[in-house]
Amino acid sequence: LWSPANPRLLSATVALEGGDPGRGGDAVASYLGLRTVHTDDCCLLLNDRPFYVRAVLSQNYWPESHLAAPSADALRREVELILELGFNTARVHQKAEDPRFLYWADRLGLLIWAETASAYEFSARSVQLLTEEWMQLVQRDRSHPSIIAWVPLNESWGVQHISHDPRQRAYSRGLTELTRAIDGTRPVISNDGWEHTDSDLITIHDYESDPEVLSRRYGSRAALDELIAGPGPAGRRIQLHASAPARPIMLTEFGGVSWIDHDVDDAWGYSSARDAADFGVRVTGLIGAVADSTVLAGFCYTQLADTGQETNGLLRDDRTAKVPVELLRAAIAGR
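Computed from a prediction, not measured in an experiment: that's the story for all the values here.

(A) Broad picture of the overall build of the chain. Secondary structure summary: the chain contains 8 helices and 14 strands in total. Against the 2.2 N^0.38 benchmark of 20 Å for 335 residues, the chain shows a C-alpha radius of gyration of 20 Å, consistent with a compact globule. With respect to the three principal axes, the spread of C-alpha positions in the chain is 70 × 45 × 40 Å. Within the span of the chain, comprising 335 residues, buried residues form 51% of the whole.

In structure tokens:
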């Protein structure tokens, strides 16, 4: 079976029988990976076994070429860097990822949460366009064994009034069900971060900068249940239906510590470090607090590399590490 620890891929050739033997006939060659992914009340299950997600938010942005990789080698190196840091998953954020990146994820054993860019506002036209594009993306990428979850919406972007507009709730549910209709083999997150309508996992975004506060919020089932039942960390309800069934809960955005050793216009992060040493302490403290939780099914740290004015990456935009990789890996993969 395919897994991050053993990304076993099988070669396959499909040939059309009959026709002129001398001309060879029609054939296509590719590869496949055999694995299952689903959820129970508290865990993501990979090949029927609980799997703890250690993810990083990955915008895969390069200053010289923006959302297009500067080379094919850069895509492979991006996957390698994520694995070297100790993560087992990348949450590709607000973009349709290059299939060559997904190829290396398949080959090297990196799990992927697949997402797309959100619409700016809600309208009949935006519903049509995003739905059509999302269906095409799911069909294009559904054969990659590395993809373990679909994320059609994020943080209520494009559905800003989903909490009280029944049309926007219907849209979120519809996108989720359409995704399941095309591919019923993976979990679907209806609206990552908050205001879930019909998700197979409950995901929370929390940019609290104090590790002790994170430890209290996610340190026990009682504290987590209280958080889920009320307004979440961003002041938005986590679930729009109080009677929703039990599902695994993950903290899928947190961290966001900004530090940079050169001038960047409008440099920004959810919190800031004074220097490299302070950056290391802050980052490892936050990751440790979340990883110590026994009630979360996984996490996603924000983010892999600096992106424009967002200087909250673990790596600079040139992919050099801000602090020793060994320090980061010990915190990330320590669980």
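(B) Molecular detail of helix 7 (residues 276-291). Between the first and last C-alpha of helix 7 there are 22 Å, a value that for 16 residues agrees with the 22 Å anticipated at 1.5 Å per step. Regarding helix 7, the residues found buried are D278, F279, G280, V283, L286, I287, A289, V290 and A291. Among the structural elements, helix 5 (211-218), strand 11 (249-255), strand 12 (257-258), strand 13 (271-272), strand 14 (298-302) and helix 8 (325-332) are those in contact with the buried residues of helix 7. Near the N-terminus of helix 7, the side chain that reaches the backbone nitrogen of A277, with its oxygen 3.3 Å away, is that of D275.

(C) Examining the environment of A291 more closely. Its location among the elements puts A291 in helix 7. A291 sits in the buried class, given a relative accessible area of 9%. With 275 residues separating them in the primary sequence, A291 and L16 have C-alpha atoms 51 Å apart.

(D) Spotlight on the nonpolar core. The biggest cluster of nonpolar side chains holds 68 residues, and the ones touching the most others in it are F87, F101, I112, I204 and F254. For this core, the element with the most residues is helix 7, which contributes 7 residues. Beyond its immediate sequence surroundings of up to four residues, F254 is in contact with D206, Y207, L214, L286, I287, V290, F299, C300, Y301 and T302.

(E) Here's a closer look at the side chain of T176. With respect to the element layout, T176 can be found in helix 4 (residues 166-182). Taking relative accessible area as the criterion, T176 reaches 0% and is therefore assigned buried. Within the structure, T176 has its side chain in polar contact with the backbone oxygen of S172 (distance 2.9 Å). In this structure T176 touches V188, S190 and D198, once residues within four positions along its chain are discounted.

(F) Just the side chain of T179, in detail. With respect to the element layout, T179 can be found in helix 4. Not counting residues within four places of it along the chain, the set of residues in contact with T179 comprises W134, M135, V138, W150 and V188.

(G) Up close: the pattern of salt bridges. In total, this model carries 23 salt bridges according to the counting rule given. R140 is paired through a salt bridge with D141; the nearest N and O atoms lie 2.6 Å apart. Ionic pairing is found between D278 and R274, a salt bridge with its closest N-O pair at 3.7 Å. Judged by relative accessible area, D278 falls into the buried class, the value being 10%. If you follow the salt bridges from partner to partner, you end up with R76, R77, E80 and E84 in one network.

(H) Main features of unusual backbone geometry. At the junction of T302 and Q303, the peptide bond is cis and its omega measures out at 0° in the coordinates. For Q303, the position within the fold is in the loop between strand 14 and helix 8. Even without glycine at this site, Q94 takes up a positive phi of about 55°. With respect to the helices and strands, the residue Q94 is situated in the loop between strand 7 (89-92) and helix 2 (99-108).

(I) Structural view of a nonpolar patch on the surface. Residues L1, L10, L32 and L34 make up a contiguous nonpolar surface patch of roughly 340 Å² in combined accessible area. Tracing the backbone shows L10 in strand 1 (residues 10-15). Residue L10 is classed as partly exposed on the basis of its relative accessible area, which comes to 34%.

(J) Representation of the sheet that holds strand 5 (residues 49-51). Sheet architecture is open: 3 strands sit in the order 3-4-5, paired in antiparallel fashion. Single-partner strands in this sheet number two, and they are strand 3 (37-39) and strand 5. The average angle at which neighbouring strand axes cross in this sheet is 45°, direction not considered. Pairing of strand 3 with strand 4 (residues 44-46), which is carried by 3 bridges, proceeds in the antiparallel orientation. Each residue of the ladder has a partner; that of H38, found in strand 4, is L45.

(K) Highlighting the sheet that holds strand 8 (residues 111-115). Pairing within the open sheet is parallel, and its 7 strands lie in the order 9-8-7-6-14-11-10. Taken across any chain shown, the strands that pair with only one partner, and hence form the sheet edges, are strand 9 (147-151) and strand 10 (202-205). The mean inter-strand angle of the sheet, taken between neighbouring strand axes irrespective of direction, is 20°. As defined by bridge partners, strand 6 (residues 53-58) adjoins strand 7 across 4 bridges and the pair is classed as parallel. Considered in strand 7, the bridge of L57 is made with R91.

Procedures and definitions
- Residues numbered from 1 in each chain as written.
- Predicted model: local features only at pLDDT ≥ 70, side-chain atom pairs only at ≥ 80, totals over all residues.
- Heavy atoms only, no water.
- Helix = DSSP H or I, 4+ residues; strand = E, 2+ residues; numbered from the N terminus.
- Rg over C-alpha atoms; globule rule 2.2 N^0.38 Å.
- Buried < 20%, exposed > 50% of the residue type's maximum accessible area, 1.4 Å probe, protein only.
- Expected span 1.5 Å × (residues − 1).
- Contact = heavy atoms within 4.5 Å.
- Polar contact = N/O pair within 3.5 Å; in protein donor to acceptor, adjacent residues only side chain to side chain.
- Core = buried A, V, L, I, M, F, W, Y, C linked by side-chain atoms within 4.5 Å.
- Salt bridge = Lys/Arg side-chain N within 4 Å of Asp/Glu carboxyl O.
- Patch = residues over 30% accessible without salt bridge, like charges linked within 9 Å, V, L, I, M, F, W, Y side chains within 5 Å.
- Areas by Shrake-Rupley, 256 points an atom, 1.4 Å probe, with all protein chains shown as cover.
- Pairing = 2+ DSSP bridges.
- Axes fitted to C-alpha atoms, helices over the stretch in contact; angles between N-to-C directions.

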